[in-house]
Amino acid sequence: SRLFDWKPLDSYDLSDRTIVITGGTSGLGYAAAEEFAKLGATLVIVARTPEKTETAVADLIAATANDRINGELADLSDLDQVRAATERIKASHPSIDVLIHNAGALLPERRESPDGTEITTQVMVASPFLMTSLLLDPLRAAAPGRVITMSSGGMYTSGLTVSGLQMDESSYNGAQQYARAKRAQVVLNEMWADRIPKEEIVFHAMHPGWADTPGVDAGIPGFGRLMGPLLRSPEQGADTLVWLTADDSVEQSTGLFWHDRAVRSTHKLKSTERTDTAARREALWTWCEQHTGVSPEL
């Protein structure tokens, strides 16, 4: 920020914007939500735990004096809950300026959702696809709406796979499963942008750098102690997310991948680039449609 003279986040005014964010009760999501609340946004925080959601909403209102903050309960591993929560959001908010897919899952062992899907895949691939599909109308009403996906630099280690998107019990590795899902997120971000004009909805994905969050501590035990002062704070990690939400310049493009307020390549290795084929992309989109039972109105 000092090198490039970034515009301060507190100079933005979001009082006319409605923002929906998943995973906003801790870590990067909470840091971003607090900044949105300070800037006056109407905020809907989608999370799975009633107590944590109620506490987060109350704390944000107390800290920012913004009472236009609400929680919406949904376990993103359960597509039925996602459908129900999304319909409630749509009924309450006919226009949504920004939808943020921030919730994640980095698990040390394989777990399954109620429908038998590996949870990381469900939370970070299937549920965001379903939510985006069901909220296209209120996003278009914002003219243009924005959909922002919180990915991870970890996706650079993985190529695009659909047949291997869900790792089985015998080969399961939490960090690799996370990377595969994050790669799928970035590809889907580009595919949405190819299908919907930026005058209607703008799509962007980003990675925050390595930040000191509860998710990292739980998913990679000891990583925080190892990296120590090299880790960013949640507020630093959330900066680009807030900027992508607030700055009007990002509406001039769509389908890009960002880090530290700059566009970045989605591949650093030739091996991952070779997997990113048109056929695999179409297979991923088809899997999402079949798995969620939704074919978006494009």
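Residues numbered from 1 in each chain as written. Predicted model: local features only at pLDDT ≥ 70, side-chain atom pairs only at ≥ 80, totals over all residues. Heavy atoms only, no water.

Novice: Can you help me understand the packing of aromatic side chains in this one?
Specialist: Aromatic ring pairs: the centre-centre distance and the angle between the two ring planes describe each pair. Within the structure shown, the criterion is met by six aromatic pairs. Here the aromatic rings of Phe 129 and Trp 192 are separated by 5.3 Å at their centres, their planes lie at 40°, and the arrangement is tilted. Placement of the pair is Phe 129 in helix H4 (residues 119-134) and Trp 192 in helix H6 (residues 174-195), with a sequence separation of 63 residues. In this pair, the class of Phe 129 matches that of Trp 192, namely buried. Aromatic pair Phe 129 and Trp 285: ring centres 5.0 Å apart, planes at 85°, arrangement edge-to-face. Taken as a pair, Phe 129 in helix H4 and Trp 285 in helix H11 (residues 278-292) lie far apart in primary sequence, 156 residues in all. Accessibility classification places Phe 129 together with Trp 285 in one group, the buried group. Taken together, the aromatic side chains of Phe 129, Trp 192, Phe 203 and Trp 285 make up a single cluster linked through ring pairs. Across from the ring centre of Tyr 12, 4.3 Å away, lies the NZ or CZ of Lys 7, which sits over that ring. (Phe/Tyr/Trp six-rings, centres within 6.5 Å; stacked < 30°, edge-to-face > 60°. Helix = DSSP H or I, 4+ residues; strand = E, 2+ residues; numbered from the N terminus. Buried < 20%, exposed > 50% of the residue type's maximum accessible area, 1.4 Å probe, protein only. Lys NZ or Arg CZ within 6 Å of the ring centre and 35° of its normal.)

Novice: Explain the side chain of Ser 77 here, please?
Specialist: Mapping Ser 77 onto the fold places it in the loop between strand S3 (69-73) and helix H3 (79-92). One polar contact links Ser 77 to Asp 75, side chain to side chain, over a distance of 2.8 Å. (Polar contact = N/O pair within 3.5 Å; in protein donor to acceptor, adjacent residues only side chain to side chain.)

Novice: So what exactly am I meant to see when it comes to the side chain of Arg 183 here?
Specialist: Relative to the elements of secondary structure, Arg 183 occurs in helix H6. For Arg 183, which is buried and forms no salt bridge, the nearest opposite charge comes from Asp 276, at a distance of 5.1 Å. (Lys, Arg positive; Asp, Glu negative; His and termini not counted. Salt bridge = Lys/Arg side-chain N within 4 Å of Asp/Glu carboxyl O.)

Novice: Sorry if this is basic, but what is going on with the nonpolar core here?
Specialist: With 48 residues, the main nonpolar core has Leu 188, Trp 192 and Leu 284 as its most contacted residues. Elements supplying a minimum of two residues to this core: strand S2 (42-47), H3, H4, helix H5 (136-142), H6, strand S6 (201-206) and H11. Looking at which element gives the most residues to this core, the answer is H4, with nine residues. For Leu 188, the residues in contact, after removing those within four places along its chain, are Val 125, Phe 129, Leu 284, Trp 285 and Cys 288. Judged by nonpolar contacts, the second largest core, of 31 residues, contains Leu 43, Ile 100, Ile 148 and Val 250. (Core = buried A, V, L, I, M, F, W, Y, C linked by side-chain atoms within 4.5 Å. Contact = heavy atoms within 4.5 Å.)

Novice: Honestly, empty space enclosed by the protein in this entry has me stumped. Any pointers?
Specialist: Over the atoms rolls a probe the size of a water molecule, and its path tells where empty space is left. Evaluated as defined, the whole model comprises one cavity of 30 Å³ or more. There is about 100 Å³ of room inside the largest cavity. His 101, Pro 128, Thr 149, Leu 188 and Trp 192 are, among the 13 residues lining the largest cavity, the residues nearest its centre. Elements with a minimum of two residues in the lining of the largest cavity: H4, strand S5 (145-150) and H6. Element by element, the count of residues in the lining of the largest cavity is highest for H4, at five residues. Looking at side-chain class alone, the lining of the largest cavity contains eight nonpolar, five polar and no charged residues. (1 Å grid on protein atoms, 1.4 Å probe; cavity = no way out; pocket = protein on both sides within 12 Å on 5 of 7 lines; lining within 4 Å. Points joined across faces, edges and corners; volume = space filled by probe spheres on them. Nonpolar A, V, L, I, M, F, W, Y, C, P; charged D, E, K, R; others polar.)

Novice: Looking at this structure, how should I read the sheet that holds S6?
Specialist: Consider a sheet: its strands pair through backbone hydrogen bonds, and that pairing is either parallel or antiparallel. Spatially, S3-S2-S1-S4-S5-S6-S7-S8 is the arrangement adopted by the eight strands of the open sheet, whose pairing is mixed. Because the sheet does not close on itself, it has two edges, and the strands there are S3 and strand S8 (262-263). Bridging between S2 and S3 involves five bridges; their strand directions are parallel. Paired with Leu 43 across the bridge in S3 is Ile 69. Seen against the sheet, H6 touches S5, S6 and strand S7 (256-259) and runs at an angle of roughly 160° to S6. (Pairing = 2+ DSSP bridges. Axes fitted to C-alpha atoms, helices over the stretch in contact; angles between N-to-C directions.)

No statement about biological role is implied by the geometric values presented.
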